[in-house]
Every structure is written in C-alpha cells, then in structure tokens.
Amino acid sequence: MAADGGSASVQLPCVFSPKTQQYLALCAQDGKLRIWNTDSKTLHQEYVPSAHLSATCICISWGPCRTLKERPQRKKRKSEAAQVEESADLLAMGTAAGTVLIYSTTKGALHCTLDGGHSGGVNCVQWHPEDSLLYSGSDDTNIVEWDLQTGKTKSKWKADRGAVTSLCVSPDGKLLLSAGQTIKMWDLDTKEVYRKFTGHSTAVTTLCFATTRPPDSNGLYFLSGAAHDRLLSVWQVREDGKDKNSVVSFALSDEPQHIDLIASKSREEVMKLAVVCKDGQLHLFEHFLNGPCKKPLQPLCTVQMSDTKDTPMPIPLLAAALRTDMQTLMLAYGNHLQPVMEKVEIDTAERCVCLTRDVQTSLSISMATTVSKVKTPIVNAKSKVLVPGLPGHQAPVKGATQGQEKRKTGTDTKEVQMTIAERLGEIELSTKKGALKGTASLQTDHFAVLLVQGLESNDAHILNKVFQTHKDMIIKKTVAQLPLPAVLPLLEKITERLQGHPFMAVLMTRWLKAVLMHHTSYLATLPDLVNQLGLLYHTIESRVKMFHKLTKLHGKLYLLMSQVAASDRKPTVTTVDREAKLVYEEESSDEDEASGDEGLPHEDSDNWEEEEAMEEEDDDPESRSDSKANGEDDMEHENESEEE
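Residues numbered from 1 in each chain as written. Predicted model: local features only at pLDDT ≥ 70, side-chain atom pairs only at ≥ 80, totals over all residues. Heavy atoms only, no water.

(A) Main features of the packing of aromatic side chains. For the coordinates displayed, the defined rule picks out nine aromatic pairs. On the basis of an interplanar angle of 75° and a centroid distance of 5.0 Å, the ring pair of Phe197 and Phe222 is categorised as edge-to-face. In this pair, Phe197 sits in strand 16 (residues 192-197) while Phe222 sits in strand 18 (residues 220-226), placing the two residues 25 residues apart along the sequence. Residue Phe197 shares its accessibility class with Phe222, and that shared class is buried. One residue, Arg195, lies across the ring of Tyr194, its end atom 4.7 Å from the ring centre. (Phe/Tyr/Trp six-rings, centres within 6.5 Å; stacked < 30°, edge-to-face > 60°. Helix = DSSP H or I, 4+ residues; strand = E, 2+ residues; numbered from the N terminus. Buried < 20%, exposed > 50% of the residue type's maximum accessible area, 1.4 Å probe, protein only. Lys NZ or Arg CZ within 6 Å of the ring centre and 35° of its normal.)

Okay, structure coming up:
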C-alpha cells in the first residue's frame, strides 16, 4: 500500500505496483504519467492527460491484480495454466479538476474517465479489493462510490465538514476509512459511521490497515499520518468503543510521504513497515500489535543515500516496497522526471545505513537502453562524431569571439614582422574607414554582448539592465545573436525572475517566447532538457492554475461595475421645482369667502342650522371628487366660466 498525496502536503504521487512491484507509476512536474519497468530499468509507458496543464494529477492508486487475456489465444497445457499469474493493469488517477482517470497499462491508453461526481479536486482514490468499485475523496467534502462497469456513481455521501484528504478500504472490503482532520470508519453496506477517532491537528494524508483481523475481536489496527507531523499513529478498533486515542506511535524524521507494510494476520505475527519521509530518508519498523505502548517506537533501521562526490550530497528516496523478507527492498530514488530503481539488500542489524550511488552513471545507462530503436550509422575509424548534447550538459558560456580568434591565428606571422608605427597606421586607417561609413553599431549587438557578459559573471546589475527593455524587435535580435552555450543559463535566469514580481514576470515572458522561437531546435537536442526545464514548467503551470479563477472573478467584477455605472447614469432629482406648471383660479363669491368658517355658526345668525343645510346642498361631494380626480374637468369648468 502507498500513501496517496493529498492537497494538504504538496508532493508528487509515486507508487509501486502491487505484489510483484514490476512497475513504478509516478507523475512529475510536467504533468505526465510515466510508468517505469523496475526489471529492465526503462520507461515502459508515458501518458499525457488531455488537461494536464489545467488539471494536474494529485493522487495515484493501482487496482487489484487481475488475469489478462492474451491475443491470439491458444490452448494451454495444465502445467502452463498453473503458472498463469495475475498482474497489475488498471491505474486510477485523481485530478485537480474533479475527475478520475482510469489508465490501462495493457492498452497503453486511457481506459475510461469518471466525471460528474465531484465539484472539487480529487485528493485520494482507493480500489475495492474484490468488487469492481472505486472510492474517491475530494475537496467538496464528499465520498463517491464509482461502479467501474457502468462508469457512473453508485452512491455519494458527505464525509466531513472539510476536505477529504485520505481513504483506505479494509482487506475484507467491508469497512472504509476516511479522514480530513478527524478519522471516520464507515460501514460500506449501510454507508453509516461505524467508529470515530480523534485524528491529528493537521490534515491526515496517510491511512493504512495494519492487520487483516475482523473488528469484533479487538484485533483490527490501522495507521494514520498527517502533514507536518513526525509521528505515525496506530489505532485499535475495540468492541467496547473505547478507542478514541492511539495505542502506538512510530517516531519519524519528517512527515510521511510514502508507506508500504506487510500486515500481520495474528498476534504472534509481526507487522513490517517501511516509511519514506519528506526529507528523503527511509525508516524500517517491526512491531507486534498486541496492545498499547506509551513511548514512541524508534525505527529499527534508517536508510539514507548519497552520491560519490568529494563533498557528498544526499539523494532523496521517492518510494520503497517491501519484499517477503525485511532485508530485501525495492527502492526508487533521484528525480521524479527520471527516477532510478534498484533492488537492495539491507542489514537491519545496523541502526543507520548509508548507500552511495553514482546517479549520473545510472541515468546515462538507462537513457542508452531507452533509445534502443535508433540505429547508429557505420562510420570510419578516422572520422569524428559530433554529439549535440550529453547528460549533464553545462558548457561554459562563451561570447562571440570565434571570428577574433580566427583573425588572430591568421595574422600571427604578420604581426611579428610589423613595427609599432605600422600598427598605429593601420589603427588610424581602420578608424577613418569606420568614420567614413557613418553608421554606428546596432544597439542589439550591444545588448547581446552585455547579456553574455552578465551570464558569464552572474552580475545581476547587467542582467537587469538588459532585461528591462520593452521593445520586441530588440529582444528578438538579441536572443538570435546569442551563442548556443548561453541559451540554458539564460533560461535559468528567466526562470528565477518569473518567480518574482509580476511586473518582471511580464517582461520575462517576452524573453522566454523569443528564446523558444529561436533556439527550440538546439534545446530539443539536449537529452537532459526535462531536468533543466522542469522548474520552469512547474512555475508556468502554477501561474496558469489561477487564470481560470481570475477570469471568473474578472467577469463578475465587470458585471458589477457595469451595473454601478448604469445606476449612476439615471437622472436624479437634486432640486425640487416649486414653480407651478398650471394655475387655476375660481371666481370669487360670497360662499368662497365664507368657506373658511364652514361648519361654525355665525354669531349674528340665529338660524345657523338652516344656513348649514343650504351650504351642503351647494357643495356637492361627488362633483368635488370628480374635479379633483380629473384635471380636464377643471379645465372645462374654467372655459365655461370664461364663456359666461
């Protein structure tokens, strides 16, 4: 079993195939899936996902071994039929786009694509040991059960409040472990929580069952490791439910990156564990899982690798696989772009073991075996073969002085016979000829010389002066006049500045475009180009990831600003015009003058009730309401009064 890398700790997935460890599957910085043959130490297959720039591979998991059909088929004898073994074929990959890719090593192509189940990046994938089922956990807090026969989701449920970073299926296929920051054990038949565990303070990146015993016998144990945590915790599933805390812990030098173990089947059988940490060290453990242990257990043996130089440098280990015995290991070390695989026997009696290897020699041997289809031409013994590039190509940067060297070699005999006066006369003639022409040297020549000098002396002041130009024509001509040995150092400086300020990154993209347009044919001849440009590709890929989100944000902000601008254009009433547009005047009468005293009896009048009744008859309420509701009636009434 191998720990799949989650989003919590940035690491590249690297997994050996189950049982025989015949293949090593890994994804490098360039987004490609590479499957290496551990027996022949050569590249077996290479697959480029269709969306490898926008959806990188986060996790890898090998499917259960199965018998493969041979073509053409023929009848086999009984002795041959008994020798048929199951081999690893299908490989599941979880991507940042929320899809799961199933790759077939037999076909050498994509088997199927599982999409529509997750809305976030897939952090972990796990196969069911018997049924054709696959489980995946994502940033969207959900677990999806995939039916591989139909390619659709069989069930989906929410696992936690946060992202699901790790999964593991029990050997009998009845239980499922899931973890973000808390660990939960699910019953796969009912999809309900069977147990809950405390977990770690950070996101759990590793889950692995350590025993094959049933949970009812108090003998089921599993391991868990988290990001930025130097301890591997062992949990026991008890009948009474008192399993909130871990029972055993293993001490590590750094957070676990890759785990392989041989599970114990009984209390008398020891569990064997190999852990590759993030710092590149390998720790080996042996322990009987029969109860709690208070102190953290130290590793039985620690393995490190280094090169054979005078000042040795450590070589990071990528993955390790245990054989039947503890002393035989299958190791993968070096670089993800081109790892080195080796079967090693280690003496576990020693606490610390350091292995020295010459990585460059092993890489050159493996590269020579990979390019076996190319036929070498037959040449004579006297002829010389010019090779455009070699592994570890780091030629010294030289300026454009080849013409000067040729001129000097041709004039050595002449300069010896010339006097000082003759030399001064030639200098004066050359200056006059240059003055007669009246054309100064191009600025691009000046920039090319400055750029070569800056690359030779590693002077940041000179390089910044050259890189600050904005004119595309000057950049193209400067790059075109560069000598070939200066191309790779220029790309290294461009890569350093691409990781800096965004303003400088905009300028560096122009230089990078010009270098790739003019010198791609030279770069393609270098065998170790992938190692040289891996960091550049990774930098560009990390920038491209944010482009999709930024375009969405730009669209939303554009809609918001357009709505704000449209609302600002609407006319707003700042001052109220108090001048009347239309004035209507009625003829004065005694009744209007007395309207202010309506409803009140006159002091001099004795019959005030009769006067009030007369006023109500004169003022009809229906006519008043009609006149108020319709201004045209008022206008007609005014016209009638004027005619009268």
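Picking up after the structure, the text goes on.
(B) Structural detail: the pattern of salt bridges. All told, the structure shown has five salt bridges when counted by the stated rule. Across the pair Glu46 and Lys32 runs a salt bridge, and its minimum N-O distance is 3.7 Å. Note that Glu46 is positioned in strand 4 (residues 42-47) and Lys32 in the loop between strand 2 (23-27) and strand 3 (33-37), a separation of 14 residues in sequence. By relative accessible area, Lys32 is classed as partly exposed at 26%. (Salt bridge = Lys/Arg side-chain N within 4 Å of Asp/Glu carboxyl O.)

(C) Highlighting helix 7 (residues 460-467). Every buried residue belonging to helix 7 is among Ile462, Leu463, Val466 and Phe467, and all of these are buried. Viewed end-on, helix 7 has its buried residues packed into an arc of 125°, placing them on one side of the element. Residues of helix 7 that are exposed and point over 90 degrees away from its buried face: His461 and Lys465. Near the N-terminus of helix 7, the side chain that reaches the backbone nitrogen of His461, with its oxygen 3.1 Å away, is that of Asp459. (Arc of directions from axis to C-beta. Polar contact = N/O pair within 3.5 Å; in protein donor to acceptor, adjacent residues only side chain to side chain.)

(D) Looking closely at the sheet that holds strand 18. The sheet built from four strands is open, its strands ordered 17-18-19-20 with antiparallel pairing. The open sheet is flanked by strand 17 (204-209) and strand 20 (248-251), the only strands paired with a single partner. Averaged over all pairs of adjacent strands, the angle between strand axes in this sheet comes to 20°, irrespective of strand direction. Looking at chain direction, strand 18 and strand 19 (residues 231-237) are connected through five bridges and run antiparallel. For Tyr221, the partnering residue across the bridge sits in strand 19 and is Gln236. (Pairing = 2+ DSSP bridges. Axes fitted to C-alpha atoms, helices over the stretch in contact; angles between N-to-C directions.)

(E) Summary view of the sheet that holds strand 5 (residues 57-62). Pairing is antiparallel in the open sheet, where four strands are placed in the order 5-6-7-8. Of all the strands in the sheet, just strand 5 and strand 8 (109-114) have a single pairing partner and so form its edges. Between one strand axis and the next, the sheet turns by 25° as a mean value, whatever way the strands run. Taken together, the five bridges between strand 5 and strand 6 (residues 90-95) define a ladder with antiparallel strand orientation. Residue Cys57 lies in a different strand from strand 6, and its bridge partner there is Thr95.

(F) Just helix 8 (residues 472-480), in detail. Turning to helix 8, its buried residues are Ile474, Ile475, Thr478 and Val479. Angular distribution of buried residues about the axis of helix 8 spans 125°; they occupy a single face of the element.

(G) Quick peek at the pairing of strand 13 (residues 166-169). Burial along strand 13 is two-sided: the residues Ser166 and Cys168 and Leu167 and Val169 are all buried. Hairpin connection from strand 13 to strand 14 (residues 175-179): five residues lie between these consecutive antiparallel strands, with Gly173 at a positive phi of about 75°.

(H) Quick peek at a nonpolar patch on the surface. Together, Met546, Leu550, Leu553, Leu557, Leu560 and Val564 give the surface a local cluster of nonpolar side chains, amounting to about 540 Å² of exposed area. If you trace the backbone, Leu550 turns up in helix 11 (residues 529-569). For Leu550, a relative accessible area of 48% puts it in the partly exposed group. (Patch = residues over 30% accessible without salt bridge, like charges linked within 9 Å, V, L, I, M, F, W, Y side chains within 5 Å. Areas by Shrake-Rupley, 256 points an atom, 1.4 Å probe, with all protein chains shown as cover.)

(I) Examining the state of the cysteines more closely. Scanning the entire structure with this criterion turns up zero disulfides. This cysteine, Cys57, is not joined by any disulfide, and Cys27 carries the nearest cysteine sulfur, 3.6 Å off. (Disulfide = S-S within 2.5 Å.)

(J) Region of the structure containing the environment of Val340. Tracing the chain through its elements places Val340 in strand 27 (residues 339-345). Val340 gets classed as buried once you look at its relative accessible area, which sits at 9%. Through-space distance from the C-alpha of Val340 to that of Trp36 is 9.5 Å; in sequence the pair is 304 residues apart.

(K) Structural context of the side chain of Asp307. Note on placement: Asp307 falls in the loop between strand 24 (301-306) and strand 25 (317-322). Although buried, Asp307 forms no salt bridge, and the nearest oppositely charged side chain, Lys309, lies 4.4 Å from it. There is a polar contact of 2.7 Å between the side chain of Asp307 and the backbone nitrogen of Met313. (Lys, Arg positive; Asp, Glu negative; His and termini not counted.)

(L) Representation of the nonpolar core within the structure. Ranked by internal contacts, the top residues of the largest apolar core, which has 34 residues, are Leu451, Leu490, Ile494, Met508, Trp511 and Leu523. Looking at this core, the elements that each hand over two or more residues are helix 6 (443-457), helix 7, helix 8, helix 9 (487-498), helix 10 (502-523) and helix 11. Among the elements that line this core, the one with the most residues is helix 10, at 10 residues. In this structure Trp511 touches Leu451, Val466, Phe467, Thr469, Ile475, Thr478, Val479 and Ile494, once residues within four positions along its chain are discounted. Within the second largest apolar cluster, 20 residues are counted, among which are Cys301, Ile315, Ala320 and Val359. (Core = buried A, V, L, I, M, F, W, Y, C linked by side-chain atoms within 4.5 Å. Contact = heavy atoms within 4.5 Å.)

(M) Here's a closer look at a positive patch on the surface. Together, Lys158, Arg161, Lys196 and Lys244 line one region of the surface with positive charge. A residue is classified by how much of its surface remains accessible, and Lys158, at 56% relative accessible area, is exposed. (Charge placed at Lys NZ, Arg CZ, Asp CG, Glu CD.)

(N) Here's a closer look at the packing of helix 9 against helix 10. It is the contact of helix 9 with helix 10, at a shortest axis distance of 10 Å, that shows an interaxial angle of 155°. Put simply, helix 9 runs roughly antiparallel to helix 10. The crossing of helix 9 and helix 10 is left-handed. Listed contacts from helix 10 to Val487, Leu488, Leu490, Leu491, Ile494, Arg497 and Leu498 of helix 9 are Met504, Ala505, Met508, Thr509, Trp511, Leu512, Val515, His519, Tyr522 and Leu523. (Parallel < 35°, antiparallel > 145°, perpendicular 65-115°, else oblique. Left-handed = near helix turned anticlockwise from the far one by under 90°.)

(O) Structural view of the packing of helix 8 against helix 10. In the contact formed by helix 8 and helix 10, the axes pass within 9 Å of each other and the chain directions differ by 45°. When the axes of helix 8 and helix 10 are compared, the pair comes out oblique. Judged by the sense of rotation from one axis to the other, the crossing of helix 8 with helix 10 is right-handed. Packed against helix 8, whose contacting residues are Asp472, Ile475, Lys476, Thr478, Val479 and Ala480, the element helix 10 presents Arg510, Trp511, Ala514, Val515, His518 and His519 at the interface. Across the contact of helix 8 with helix 10, the residue classes break down as six nonpolar, three polar and three charged. (Nonpolar A, V, L, I, M, F, W, Y, C, P; charged D, E, K, R; others polar.)

(P) Representation of the pairing of strand 2 within the structure. Counting buried residues in strand 2 gives five out of five residues, a clear majority hidden from the surface. Here strand 2 shows no split at all, with Tyr23, Ala25 and Cys27 on one side and Leu24 and Leu26 on the other all buried. Across three bridges, strand 1 (residues 14-16) lies against strand 2 in antiparallel orientation. Residue Val15 lies in a different strand from strand 2, and its bridge partner there is Ala25.

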